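# Results of the structural survey
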Amino acid sequence: MKGRIIILLAGLSMANPALAQDAAASQTVRAAVLRVDVPSLPPISRLDAPPEDLGFAGARLAIEDNDTTGRFMNQDFEALEIAATPESAPAEMDKLLAQGIPFIVTLADDAQTLALADQAGDRALVLNARARGDGLRGKDCRFNVIHAAPSHAMLADALAQFLMWKQWPNWFLIAGSHPEDVALADAYRRAATKFGAKIVEARTYEDTGGSRRSDSGHVQVQQQMPVFTQRAPAHDVLIAADENGVFADWLPYATWDPRPVAGSAGLVPRSWAPSLEAWGATQFQNRFEKLAGRPIREEDYQTWIALRMIGEAATRTQSTDPVALKEFMLSENFEVAGFKGQKLTLRDWDHQLRQPILLATDSVTASVSPQDQYLHQSSALDTLGFDRPETECKF
């Protein structure tokens, strides 16, 4: 019977080549990764300079992984890689939509992510692999967006749980002056209230724009830290909210009081860390490093998991139809493995990917949240970020 089907299909191909081409194309799941690069000053450390293939390397590994399973089901996966500026991003999105790309992974800030999602409308599913703003999961949520990147609230809650387990309830909060820094600081304030901590004082470090332009600028910020942190009320830990990397890296070992630093430096809540070794992570890291020639970064992991979600949906549904894949990803039956010790699923109220958060230093993963003592009636992962009763999202 199988041989007859092949012969019939071959005959059909000769009779109607266009139809045969469409049948072959229907087995390919098409996606794109749109990275929006914003001009910025160099990071404090040269080790933190973003690689040219940031995010794209994660996409390439995801396509390899999807194809590994897909080849047994006559499925093929592809992901275009587009690096854009804030000015060129809308035009690049238009090109992708004109090509009929149904899945678009974005690496952009909050405002650009929202604009691109509105531009896509019902023509494509946008998978956010960078933007952390809680507003994107709240009052500015969009039905056509899935968030592979964790939110500010998830990261803050993850750190808060660990600090409360350590019995370090008194926090000295220092935030940068950029809007993203303010948003992250608000997430830490919310986490403090949620888990019973106390912010004994909050200060703002104003970014004057000169701290990373020259060696003298670096030294100036470094020298400011002892005096800037002087005369703080008694505290257990200093928490930095510095999304733009202006000052936080200068805090460890430079504060006036000898206290641990967490947040944007020291012990950092992350979606992924190169130091993780449990749950098959070592093998995952090795495969990435062999492909990219460098350690993995959060943007790589978040892009990888976004595209793996598509591949998992194709495997489970045994389909390459974009509508079927979208419906399955947004259903209660969807789950995906992420090398974090448990299945990752989607919250139906804001389309946020549930995931454990790693608490890592430069060299080790110190802990993973949610912490064991924080329980939930349905999923402990929903102790991180906005739970169903708290959400402001209305699709």
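Residues numbered from 1 in each chain as written. Predicted model: local features only at pLDDT ≥ 70, side-chain atom pairs only at ≥ 80, totals over all residues. Heavy atoms only, no water.

## Some words on the sheet that holds strand β1 (residues 28-36)
Read across the open sheet, the five strands follow the order β2-β1-β3-β4-β5; overall the sheet is parallel. Single-partner strands in this sheet number two, and they are β2 (76-84) and β5 (145-147). Adjacent strand axes in the sheet meet at a mean angle of 20 degrees, parallel and antiparallel pairs treated alike. Here five bridges tie β1 to strand β3 (residues 103-107), and the two strands are oriented parallel to one another. In the sheet register, A32 faces β3, and the bridge partner there is I104. In this fold helix α10 (residues 298-317) packs onto β1, β2, β3, β4 (125-128) and β5, with an angle of close to 165 degrees to the strand it touches most, β3. (Pairing = 2+ DSSP bridges. Helix = DSSP H or I, 4+ residues; strand = E, 2+ residues; numbered from the N terminus. Axes fitted to C-alpha atoms, helices over the stretch in contact; angles between N-to-C directions. Contact = heavy atoms within 4.5 Å.)

## Brief notes about the packing of helix α4 (residues 89-98) against helix α5 (residues 110-120)
The geometry of α4 relative to α5 is characterised by a closest axis approach of 10 Å and an angle of 35 degrees between their N-to-C directions. Crossing of α4 over α5 shows right-handed handedness. Here A89, P90, M93, D94 and L97 of α4 lie close against α5, whose contacting residues are Q112, L116, Q119 and A120. Looking at the contact of α4 with α5 residue by residue, the classes come out as six nonpolar, two polar and one charged. (Left-handed = near helix turned anticlockwise from the far one by under 90°. Nonpolar A, V, L, I, M, F, W, Y, C, P; charged D, E, K, R; others polar.)

## Concerning α10
Taking 1.5 Å per residue as the helical rise, α10 with its 20 residues ought to reach 28 Å, and the 29 Å between its terminal C-alpha atoms agrees with that figure. Most of α10 sits out of view: 16 of its 20 residues are buried. One or two steps after α10, the chain reaches Q318, where phi turns positive at roughly 55 degrees. (Expected span 1.5 Å × (residues − 1). Buried < 20%, exposed > 50% of the residue type's maximum accessible area, 1.4 Å probe, protein only.)

## A short note on the nonpolar core
In this structure, F103, I310 and M329 are the most contacted members of the largest nonpolar core, which totals 45 residues. Counting residues per element, this core draws most heavily on α10, at nine residues. Aside from chain neighbours lying at most four places away, what touches F103 is V29, R30, A31, A32, L125, L127, I310, P322, L325, K326 and M329. Counting 29 residues, the second largest nonpolar core, distinct from the first, contains A158, L163, M164 and L359. (Core = buried A, V, L, I, M, F, W, Y, C linked by side-chain atoms within 4.5 Å.)

## A short note on the pattern of salt bridges
Here the structure, examined in full by the defined rule, presents 23 salt bridges. Between D118 and R142 there is a salt bridge; the shortest N-O distance is 2.6 Å. Note that D118 is positioned in helix α5 and R142 in the loop between β4 and β5, a separation of 24 residues in sequence. According to the relative accessible area criterion, R142 is partly exposed, its value standing at 25%. By sharing partners, the salt bridges in this structure join R308, E312, R316, E335 and K343 into a single network. (Salt bridge = Lys/Arg side-chain N within 4 Å of Asp/Glu carboxyl O.)

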